[in-house]
Amino acid sequence: MLKILTIFGTRPEAIKMAPLIKELQNHPGCFDCRVAVTAQHRQMLDQVLDLFGIVPRHDLNIMQPGQSLFDITRRALAGLEQVLSAEQPDLVLVHGDTTTTFTGALAAFYRRIPVGHVEAGLRTGNKFSPFPEEINRHLTGVLADIHFAPTAAARANLLREGVAEKDIFVTGNTVIDALLATVRREFAFTDPVLSNIDYARQRVLLVTTHRRENLGEPMREIYLALRQVVQDYPDVTVIFPVHKNPAVRQVVREVLGEAPRVHLIEPLDYQPFVNLMQRSYLVLTDSGGLQEEAPALGKPVLVLRDTTERPEAVEAGTVRLVGTVREAVLTETRRLLDDPVHYRRMAEAVNPYGDGQACRRIAAAIAWHFDLAEAPPDEFSPR
Ligand code: UD1
Ligand code: UDP
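Rules and cut-offs
- Residues numbered from 1 in each chain as written.
- Chains lettered and ligands numbered in written order.
- Predicted model: local features only at pLDDT ≥ 70, side-chain atom pairs only at ≥ 80, totals over all residues.
- Heavy atoms only, no water.
- Near = heavy atom within 4 Å.
- Polar contact = N/O pair within 3.5 Å; in protein donor to acceptor, adjacent residues only side chain to side chain.
- Helix = DSSP H or I, 4+ residues; strand = E, 2+ residues; numbered from the N terminus.
- Nonpolar A, V, L, I, M, F, W, Y, C, P; charged D, E, K, R; others polar.
- Core = buried A, V, L, I, M, F, W, Y, C linked by side-chain atoms within 4.5 Å.
- Buried < 20%, exposed > 50% of the residue type's maximum accessible area, 1.4 Å probe, protein only.
- Contact = heavy atoms within 4.5 Å.
- Areas by Shrake-Rupley, 256 points an atom, 1.4 Å probe, with all protein chains shown as cover.
- Axes fitted to C-alpha atoms, helices over the stretch in contact; angles between N-to-C directions.
- Left-handed = near helix turned anticlockwise from the far one by under 90°.
- Right-handed = clockwise from strand over helix to strand, strands pointing away.
- Pairing = 2+ DSSP bridges.

(A) Representation of the site of ligand 1 in the model. Around ligand 1 sit 25 residues, and of these His41, Gln43, Gln64, Thr99 and Glu133 come closest. One nitrogen or oxygen atom from the side chain of Arg212 is found 3.0 Å from an oxygen atom belonging to ligand 1. Contributions of two or more residues to the shell around ligand 1 are made by α2 (43-52) and α3 (69-87). For the shell around ligand 1, the residue count by class is eight nonpolar, 12 polar and five charged.

Next comes the structure, spelled out in structure tokens:
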């Protein structure tokens, strides 16, 4: 039996690891799967743990208001030293590109424990964008022994960096597994803000922002563009679940606090969030995960960043990289509101990131890697 310790700490890691934990737990004769959270996020992590019924065996509870990268790294590393000593797992699984991800991989390496990296190989090639995620993901890749690349392009990045082909598995992204298990046509919102919107008459712009490199002026520019949009289009409503980061909240309130038909709400639970995305007209975001989810639901996405490590949906035409300059955000949003042909072209549902089978493939790849299976898993390829 293989003892696997999954380590994560933020909302998106939890969402993307939850279906994998369930999958590993479905093979009790093969895997003993345990969970350690750094709780780099607190409330936003707990929302996900509650929804998926995950009870961590270890909770480092490291989050502090306004924490720095040094705070997270230091506190997570110290806590993980103890956890790894106590558990001594055969494999550590980390996900993505957060500081918890990198620290989890580093701690496992210091203990000479093999590392599996879920969502491996995404790159922008720009050290400072996204910051610090590009380098977190890169460093985690250097430390990892098994790489679960969501797409063929991610695998190509890893091969270019010298990772051995036999250590890479193209699995699709586990976020699509989570999404397909969560979106419901008949979903009813309990939040009155969401249940009172007339989705047939109002065009909902779903907005999220949190990237460190966008804090301050870039965010102000984005919000000023949104303020102009609601002023110009009476049939547009903005729903903006505001990230808990106080640095985000301050600028959001300043610029959008009084704007009509702009609902600044608390971060939503994953279930209402993705079901709201399903009913939205357009998504504006600097998030990584939303760039993967929205295309699967046929929602155009304007990415409020200068780079993306997820080029597949840009190439497919559902996602556009617009940056953070007010005029550019305004122009692209107007075009999607005014030009139905352009909108329809961008609203094609595409699934370059997964088919809902990523977790099955990852579990099978782990079994293959550790000689517990006779064949490697099939590869994900978009239809
Ligand atoms: C982190 C990740 C980022 C990921 C994002 C997902 C790093 C460096 N950043 O960024 O890669 O895309 O999570 O959302 O790993 N806060 C709360 N409650 C919460 C969560 C956050 O109050 O549940 C506040 C705290 O004041 C905290 C601050 O937000 O100090 C920032 O959190 P942090 O994890 O450092 O950065 P994020 O911007 O959330
Ligand atoms: N999400 C959520 N509630 C919200 C906003 C986002 O559940 O109010 C989910 C979203 O569906 C996606 C993930 O959180 O799966 C994205 O997290 P975030 O944007 O914080 O991080 P990133 O993906 O940029 O690392």
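Past the structure itself, the notes keep going.
(B) Just the nonpolar core, in detail. Among the nonpolar cores identified, the biggest contains 61 residues, and Phe8, Leu24, Leu93, Phe148, Met277 and Ile366 are the most heavily contacted of them. Those residues in contact with Phe8 that lie beyond four places of it in its chain are Glu13, Ala14, Met17, Ile21, Val35, Ala36, Val37, Thr38, Ala39, Leu45, Leu49 and Thr100.

(C) Focus on the site of ligand 2. Near ligand 2, the surroundings consist of 16 residues, among which Arg11, Ser287, Gly288, Gly289 and Glu293 are the closest. Arg11 places a polar side-chain atom, nitrogen or oxygen, 2.8 Å from an oxygen atom of ligand 2. Contact distances for ligand 2 include 3.2 Å between an oxygen atom and a side-chain N or O atom of Arg211. With the chains in place, 95% of the 540 Å² that ligand 2 exposes on its own is no longer accessible. Residue assignment for the shell around ligand 2 shows that the elements contributing at least two residues are α1 (11-25), α11 (270-279) and α12 (289-296). Of the residues assigned to the shell around ligand 2, the class counts are nine nonpolar, four polar and three charged.

(D) Quick peek at the packing of helix α9 (residues 217-232) against helix α14 (residues 326-338). Running from N to C, α9 and α14 cross one another at 35°; their axes reach a closest spacing of 8 Å. Crossing hand, α9 versus α14: right-handed. Where α9 abuts α14, its residues Glu221, Leu224, Ala225, Gln228, Val229 and Asp232 lie against Arg326, Val329, Leu330, Thr333, Arg334 and Leu337. When grouped by side-chain class, the residues that make up the contact of α9 with α14 number six nonpolar, two polar and four charged.

(E) Geometry of the pairing of strand β5 (residues 115-118). A two-sided burial pattern is seen for β5, the buried positions comprising Val115 and His117 on one face and Gly116 and Val118 on the other. Once you follow strand β4 (residues 91-95) into helix α4 (residues 99-110) and on to β5, the crossover reads as right-handed. Relative to strand β6 (residues 146-149), β5 runs parallel, the two being bridged by three bridges. Within β6, the residue paired with Gly116 across the bridge is Ile146. Remark: the β5/helix α5 (residues 133-143)/β6 crossover connection has right-handed handedness.

Take it as geometry only, folks, not as evidence of what the structure does.
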